[in-house]
Amino acid sequence: MADVAKAAGVSHQTVSRVLNDHPNVRAETRSRVLEAIDRLGYRRNMVARALVTRHSRTLGVVSFDTILYGPASTVYGIEQAARDAGYFVSIVSLRTIDRAGMRDAVNYLIEQGVDGIVVVAPQRSAASALEDLSPGIPIVAVEGGHTGQVPVVCVDQAEGARLATAHLLELGHETVWHIGGPQDWLEAEGRIEGWRDVLTAAGRKIPDVLPGDWSPRSGYTAGRHLAGMADQISAVFVANDQMALGVLRAFTEEGVRVPDQISIVGFDDIPESEFFSPPLTTVRQDFGAVGRHSIDVLLGQIEEGAAEVLERFVVPPDLVVRGSSAPPGA
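Below you will find a few notes about this structure. (Residues numbered from 1 in each chain as written. Predicted model: local features only at pLDDT ≥ 70, side-chain atom pairs only at ≥ 80, totals over all residues. Heavy atoms only, no water.)

**Comments concerning the sheet that holds strand β5 (residues 152-155)**
Pairing is parallel across the open sheet formed by six strands, whose spatial order is β2-β1-β3-β4-β5-β10. If you trace the sheet from one side to the other, it starts and ends with β2 (88-94) and β10 (312-315), each paired once. Neighbour-to-neighbour, the strand axes of the sheet open up by a mean angle of 20°, direction not taken into account. Two elements, strand β1 (residues 58-64) and β2, share seven bridges in a ladder whose sense is parallel. Within β2, the position partnered with Leu59 by the bridge is Val89. Along the sheet face, helix α6 (residues 99-111) touches β1, β2 and β3 (116-120) and points at about 155° away from the line of β2. (Pairing = 2+ DSSP bridges. Helix = DSSP H or I, 4+ residues; strand = E, 2+ residues; numbered from the N terminus. Axes fitted to C-alpha atoms, helices over the stretch in contact; angles between N-to-C directions. Contact = heavy atoms within 4.5 Å.)

What follows is the structure in structure tokens.
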């Protein structure tokens, strides 16, 4: 920094103000300092800065090893929000989330000097593992259920399922079948809850939940089963869009027309869903909003020292109506 100051003909303090984007620096002086920085190849020593400020400007993220659209989009949203706030992100991906793995991941990030940690915890096992943590560092859970231990930011999964199910009933369908997600997933539980709530309130028959694992293959298997009952079914709510894709493939092979014979609604609004045949009616989750709010809550703890800035922040979902849903026999 002293070399930059000498080359630019300014004081050490002026260089510091430019690096910290201080407003009280003349444009000509700022330009001269930035030119000197570029010419000399100056880079700030983040380790030294962290020792002085006691902040590394780095946040930790604990997730699990997955290419599923929802969790992957959540991590991306968190990373983008952190960068917008001037923080870098260090990510630890776990193959399986249990108490030991969660503890090791959090301890590793603490040893790296992160200022706070976001845990993406969509599974019940992950949310349960959070209960044993006493990290002594700000921490936020995303999709972490009702842990009671740390603040939680989540999408209202049950409300999304209510929107999907109510939409199908409003079209005139007598009841709605459901293909669910894996049992350990909090999101799958929330979607079953919302689907069942709407059918119960409307006094409609509640069919048995067909099992799925988020994959198109599991949706295809369930779709083949439903196709054999096509004369008894007119509407299906599928717990995610990938499984809905498998259902559409099965129905096509079995000659079941969508939405003429059976309407389908998915969940997530993956980028490909509007190009399915027919385009998929689905529930959209705002992963960008989840990322922004999780970082806001975490920074509130870091900057204000508030251990309980917010217990739970819920992001509302939206229903996106496309061509896969219509009145019965349309």
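**A look at empty space enclosed by the protein**
In total, this model carries two cavities of 30 Å³ or more according to the counting rule given. Its volume calculated, the largest cavity comes out at about 100 Å³. Looking at the largest cavity, the residues that line it are Leu68, Tyr69, Gly70, Pro71, Trp185, Glu187, Arg191, Trp214, Asn240, Gln242, Asp268 and Gln285. When residues in the lining of the largest cavity are grouped by element, the largest group, three residues, is from helix α5 (residues 69-84). Class assignment of the residues belonging to the lining of the largest cavity gives a composition of five nonpolar, four polar and three charged. (1 Å grid on protein atoms, 1.4 Å probe; cavity = no way out; pocket = protein on both sides within 12 Å on 5 of 7 lines; lining within 4 Å. Points joined across faces, edges and corners; volume = space filled by probe spheres on them. Nonpolar A, V, L, I, M, F, W, Y, C, P; charged D, E, K, R; others polar.)

**Details of the packing of aromatic side chains**
Summed over the entire model, instances satisfying the criterion amount to four aromatic pairs. Clustering of aromatic rings is evident, with ring pairs tying together Phe64, Trp185 and Trp214. Geometry around Tyr87 places Arg57 over its ring, the cationic atom sitting 4.1 Å from the centre. The ring of Phe267 has Arg191 sitting right over it, with the charged end atom 3.8 Å from the ring centre. (Phe/Tyr/Trp six-rings, centres within 6.5 Å; stacked < 30°, edge-to-face > 60°. Lys NZ or Arg CZ within 6 Å of the ring centre and 35° of its normal.)

**Overview of the environment of Ala230**
Relative to the assigned elements, Ala230 resides in the loop between α10 (216-227) and β7 (235-238). Of the residues examined, Ala230 reaches a relative accessible area of 17% and is grouped as buried. Those residues in contact with Ala230 that sit more than four places away from it in its chain are Val256 and Ile262. (Buried < 20%, exposed > 50% of the residue type's maximum accessible area, 1.4 Å probe, protein only.)

**So, the nonpolar core**
Soluble globular proteins: nonpolar side chains tend toward being buried together. Counting residues in hydrophobic clusters, the biggest one holds 49 residues, and the most contacted among them are Val62, Ile117, Ile179, Phe251 and Ile264. Sorting elements by how many residues they give to this core places helix α11 (residues 241-253) first, with five residues. In terms of nonpolar packing, the next biggest core, distinct from the first, is built from 21 residues, Ile78, Ala81, Val118 and Val315 among them. (Core = buried A, V, L, I, M, F, W, Y, C linked by side-chain atoms within 4.5 Å.)

**Details of the side chain of Arg322**
Along the chain, the position of Arg322 falls in the segment after β11 (318-320). Beyond its immediate chain neighbours, meaning those up to four positions away, Arg322 contacts Asp269, Ser273, Glu274, Pro279, Leu280, Thr281, Thr282 and Arg284.

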